[in-house]
Amino acid sequence: MTDISAIAEIVDRAAMTATEIPQFSDTEALSMDEAYAAQALSLQRRYARGEKRVGIKMGLTSRAKMVQVGVSDVIWGRLTDAMREEEGATVSLSKYVHPRVEPEIAFLMKKPLSGKVSALEAMEAVAAIAPALEIIDSRYKAFKFDIGDVIADNSSSSGFVIGQWSDASTDIANLGMVLAINGEAREIGSSAAILGHPVRSLVAAARMVAAAGEELKAGDIVLAGGATAAIPMVAGQAVTLEVERLGTVAFNVGE
Ligand code: 0L1
Ligand code: MG
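Bear in mind the structure is a predicted one, so any value in this text is a computation, not a measurement.

### A short note on the UniProt feature "domain: Fumarylacetoacetase-like C-terminal" (unreviewed entry) in the chain
According to UniProt, the "domain: Fumarylacetoacetase-like C-terminal" (unreviewed entry) feature falls on residues 88-253. As a span, residues 88-253 carries 16% helix and 38% strand, and end to end its C-alpha atoms are 10 Å apart.

### Points about the site of ligand 1
Around ligand 1, the neighbouring residues are Lys57, Gly59, Leu60, Lys65, Glu102, Glu134, Ile136, Phe143, Phe145, Val150, Ser155 and Ser156. A distance of 2.9 Å separates an oxygen atom of ligand 1 from a polar side-chain atom of Lys57. One nitrogen or oxygen atom from the side chain of Glu102 is found 2.9 Å from an oxygen atom belonging to ligand 1. Out of a free accessible area of 300 Å², ligand 1 has 96% covered by protein chains. Every element with two or more residues in the shell around ligand 1 is listed here: β1 (53-59) and β5 (126-136). Residues of the shell around ligand 1, tallied by class, amount to five nonpolar, three polar and four charged.

Procedures and definitions
- Residues numbered from 1 in each chain as written.
- Chains lettered and ligands numbered in written order.
- Predicted model: local features only at pLDDT ≥ 70, side-chain atom pairs only at ≥ 80, totals over all residues.
- Heavy atoms only, no water.
- UniProt positions renumbered as here; feature names shortened; annotations may be inferred.
- Helix = DSSP H or I, 4+ residues; strand = E, 2+ residues; numbered from the N terminus.
- Near = heavy atom within 4 Å.
- Polar contact = N/O pair within 3.5 Å; in protein donor to acceptor, adjacent residues only side chain to side chain.
- Areas by Shrake-Rupley, 256 points an atom, 1.4 Å probe, with all protein chains shown as cover.
- Nonpolar A, V, L, I, M, F, W, Y, C, P; charged D, E, K, R; others polar.

Structure, rendered in structure tokens:
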């Protein structure tokens, strides 16, 4: 029988010490239920150390990434206060194994949301919208995993930076997004790459947290998912995301 609590301890320790681990699927693949149970238990370990849950991230929200990993639904992970990096900060690589950065849209919730909701109901629960950068860092060797591995590893969630909040009524259907490194555009995409419209990611978030017996709470941040491929982080990079209408968000990569 799969030892969920042992798996939770392994992924938690790997994230805490920025140490890579072999994939569980090398020996025995985890079911989705087992993987989410391991993720939840690993987060309990962080909460017990004093970290606070501040929201969730949605992953594999682009068709290209779903095909790459061989799944037909999005995945999710939990965000804690310790994962947040300040806008404009220098982020140390020493906290991560082999981090990558990807351009996202963030929602700030003003009301609880959970279960089967419409896009309209989801948007009515949003206080504000911001450009965001997610730092994903799979703890598995060579950034390789199957779906159970990645879910157990908190869906590669490891860091995030949020820009200025804009009014929730801002039309985010098809916003140009440019991810630049040291002033040079490296990835160009649109918010429409996030499930066709980022609000669909919020609708999926409400459905998925409900399945875990949880809810999105007022004050929660929801990262809607990457709009382009992620870029490996290297010391010395100045990372900037510019999102049409929403503005910019940036950080620097230190040793
Ligand atoms: O945020 C994401 O879409 C990443 C989810 C996990 C897959 C990966 O680490 O690339
Ligand atoms: Mg992401």
